[in-house]
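Descriptive analysis of the structure
Take a look at the letters that make up each chain.
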Amino acid sequence: MTRCPTHGTLPSHLYVHVPFCVRKCRYCAFYSVEHPGDALLERYLSCLATELRLVMGPQPPVHTLYLGGGTPSILGPDRIARLLHSARSVVSLAPDCEVTLEVNPETIDRAGLAACRDAGVNRVSIGVQSFHDAQLQWLGRIHDAERAIETVEDALAAGMRVSIDLIYGLPGQSGDEWAQDLERAAALGVGHISAYELSYEPGTPLHAERPLPGLPQQAERAKHESEREELFFVTHKRLGELGFVGYEVSSFARNVEQRSRHNLATWAHEPYIGVGPGAHSYLGSGPGKDAASRRPQRRWNLPDVESWLSALDAGGIPPFGHEPLTPGQVLLERVMLGLRCLEGIDLEACERECGAAATRGLRRRASRLADRGQILLEDSRIVPTLEGMALADRLALELSADED
Ligand code: SF4
């Protein structure tokens, strides 16, 4: 990891947030603006170039660049090429830099994908969500299954690494329908699948319409938990049979090369810089004068396109929030992220960041979970078993508790 005297640890991962969508999906709680016109997209691109110049200091090449959203493919291939040019003008990309573009099938065609590849995109993450039209309509997606399949085939034909997102746990969705989605994805030849459980996020149309619990709340929660766990195991089992390894709770790859290096870095608690309205960054510990300013911190641009544009038009840093993390918070984050991943928790990194005493306590509590078969306790790592991964959030609280 490279360090510099003024910025602390320099991130080798860059995230660009593109907060625009054609239309909001009914389940989505992410910040994004619908129906952006050309004028707004042009202004966004110009301000993004300014933000990149302001926040990226002299630093070594970045190893991953992720264009996420929102719907980055809404920019179109020409603006995506210009965005990548802006990034390259302030930071060099490592020769094998993973450049990912999130894609909504309705917003790009075969020629557009080829143009993005020529501009430097080498991985696409396509929001397919389902291969069943009735489910896509219910979710409020703007594409149908046929269009999604065409986009996957076009991206593979362009020679890019292809990941697709799928959602399970829809009301009335049968186990067979879910299995068909997984089999269809595998048959198309994608190298990576992200399989997410539908969640009813407050503030979304789906949340307002969700069926009211028919059982007393506690019983309802327990029933939901056991259904969720069952779907988790079904998904890991079926994708395993289809040749994928679940290297994170929701992420499956045919081989190591197909894994998302950008996501792996963020789960391993490596620093990254995010630009764009609403983008988050994780900054490693710095060289500040006092303990608080030396702490690692999370920092985020406020999710508001207008204030972001106004600040950058005037040549200033856009409004942001930040939170220095205590060693206890860093430990909890490391444990929560590590228990979701096949790589597990790196105990040497925990000791460096959170101290020897906290790491000794973690090891002690971990031996209880090892006795229950939920983790494997190795010399320098705590590795979750599949049972442990299924209970990652609950076990993380148990492992991070101050008291035994
Ligand atoms: S396309 Fe993606 S970011 Fe946009 S509303 Fe739908 S789920 Fe949310």
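How each quantity is defined
- Residues numbered from 1 in each chain as written.
- Predicted model: local features only at pLDDT ≥ 70, side-chain atom pairs only at ≥ 80, totals over all residues.
- Helix = DSSP H or I, 4+ residues; strand = E, 2+ residues; numbered from the N terminus.
- Contact = placed C-beta atoms within 7 Å.
- Pairing = 2+ DSSP bridges.
- Axes fitted to C-alpha atoms, helices over the stretch in contact; angles between N-to-C directions.
- Near = placed C-beta within 6 Å.
- Nonpolar A, V, L, I, M, F, W, Y, C, P; charged D, E, K, R; others polar.
- Buried ≥ 20, exposed ≤ 12 C-beta atoms within 10 Å, placed from the backbone.

Examining the environment of I142
Tracing the backbone through its elements, the reader meets I142 in the loop between α4 (133–139) and α5 (145–157). The spacing of I142 and N263 is 121 residues in sequence and 26 Å in space, taken between C-alpha atoms. The residues contacting I142, other than those within four sequence positions of it, are V22, R23, N104 and E106.

So, the sheet that holds strand β3 (residues 13–18)
Judged by pairing direction, the sheet is mixed, and its nine strands sit side by side in the order β11-β12-β10-β9-β8-β7-β6-β3-β13 without closing on themselves. On the outer flanks of this sheet lie β11 (245–248) and β13 (273–275), each paired with one strand and no other. Sheet twist, expressed as the average angle between the axes of neighbouring strands with direction ignored, equals 20°. Direction of pairing for strand β10 (residues 192–197) relative to strand β12 (residues 251–253): antiparallel, over a ladder of three bridges. Across the sheet, residue H192 finds its bridge partner in β12, namely A253. Sitting on the sheet, α5 touches β7 (93–103), β8 (123–129) and β9 (161–168), and the angle it makes with β8 is about 165°.

Overview of the site of the ligand
Every residue close to the ligand is listed here: C21, K24, C25, C28, F30, S32, G69, G70, T71, N104 and G127. A per-class count over the shell around the ligand returns four nonpolar, six polar and one charged.

Quick notes on the pairing of strand β19 (residues 381–384)
Alternating positions in β19 separate cleanly, I382 and P384 being buried on one face and R381 and V383 remaining unburied on the opposite face. Two strands pair when backbone bridges link them, and strand β17 (residues 345–346) and β19 are joined in this way by two bridges, in the antiparallel orientation. Bridging from a neighbouring strand, D346 pairs with R381 of β19. Taken together, strand β18 (residues 375–377) and the strand that follows it, β19, pair antiparallel across an intervening segment of three residues.

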